[in-house]
Amino acid sequence: FFASQFHHQAMRYDYFLTQRERLPHLRVTALSHQSRIAEVLEFTERPIIGTQFHPEYTVGVINQRMFEWLLGSACRKRQAETSTTEIKSASKAT
């Protein structure tokens, strides 16, 4: 994807890789600058996404994908919670 080439602060991807043990619940899902700068960080256990770029300045596919990701993550989390609640209720009933 296209991102701004004018960052003055950013997290380098190589730094992220050296810190993986300290950041076990994060993954980098988008890079820029020849794969040197982490543009998007995603929490693996929560429906949270952080961006280095400004998604409000982009149009089309990027915004659509981010919105789809957010809705999909929320739906999967809700489905997992509902399934867990149903299993607990069923085990209490027996």
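Residues numbered from 1 in each chain as written. Predicted model: local features only at pLDDT ≥ 70, side-chain atom pairs only at ≥ 80, totals over all residues. Heavy atoms only, no water.

Student: Sorry if this is basic, but what is going on with the side chain of E39 here?
Tutor: Tracing the backbone shows E39 in strand β2 (residues 37–43). Summary of buried charges: E39 has no salt-bridge partner, and the nearest side chain of opposite charge, R36, is 10 Å away. Within the local environment of E39, its side chain forms a polar contact with the side chain of S32, the two groups lying 2.6 Å apart. (Helix = DSSP H or I, 4+ residues; strand = E, 2+ residues; numbered from the N terminus. Buried < 20%, exposed > 50% of the residue type's maximum accessible area, 1.4 Å probe, protein only. Lys, Arg positive; Asp, Glu negative; His and termini not counted. Salt bridge = Lys/Arg side-chain N within 4 Å of Asp/Glu carboxyl O. Polar contact = N/O pair within 3.5 Å; in protein donor to acceptor, adjacent residues only side chain to side chain.)

Student: How do you make sense of the layout of surface pockets when you look at a structure like this?
Tutor: Considering only enclosed or pocket space, the second largest pocket measures out at about 150 Å³ in volume. Around the second largest pocket, the lining residues are R27, E42, F43, T44, E45, R46, P47, W69, S73, R76 and K77. Elements with a minimum of two residues in the lining of the second largest pocket: β2 and α2 (61–93). Classifying every residue of the lining of the second largest pocket gives three nonpolar, two polar and six charged. (1 Å grid on protein atoms, 1.4 Å probe; cavity = no way out; pocket = protein on both sides within 12 Å on 5 of 7 lines; lining within 4 Å. Points joined across faces, edges and corners; volume = space filled by probe spheres on them. Nonpolar A, V, L, I, M, F, W, Y, C, P; charged D, E, K, R; others polar.)

Student: Before we go on, may I ask you to explain the pattern of salt bridges in this structure?
Tutor: Where charged atoms of side chains with opposite charge meet at close range, the side chains can pair. Considering all chains together, one arrives at three salt bridges under this definition. Of the charged contacts in the structure, one is a salt bridge between E42 and R27, with a shortest N-O distance of 2.7 Å. A residue pair is termed long-range when its members are at least 10 positions apart, and E42 in strand β2 and R27 in strand β1 (residues 26–32) qualify at 15 residues. The buried category is assigned to E42, whose relative accessible area is 8%. Its salt-bridge partner being E81, residue K77 comes within 2.4 Å of it at the nearest N-O pair. Residue K77 and its partner E81 are both found in helix α2; the two are separated by four residues, about one turn of the helix.

Student: How do you make sense of the confidence of the model for the protein when you look at a structure like this?
Tutor: The predicted coordinates should not be examined in detail at positions where pLDDT is low. In the predicted model, the protein carries a mean pLDDT of 78, and the fraction of residues at 70 or more is 73%. The secondary-structure element of the protein with the lowest mean pLDDT is α2, recorded at 76, while helix α1 (residues 13–18) shows the highest, at 94. (pLDDT = per-residue confidence, 0-100.)

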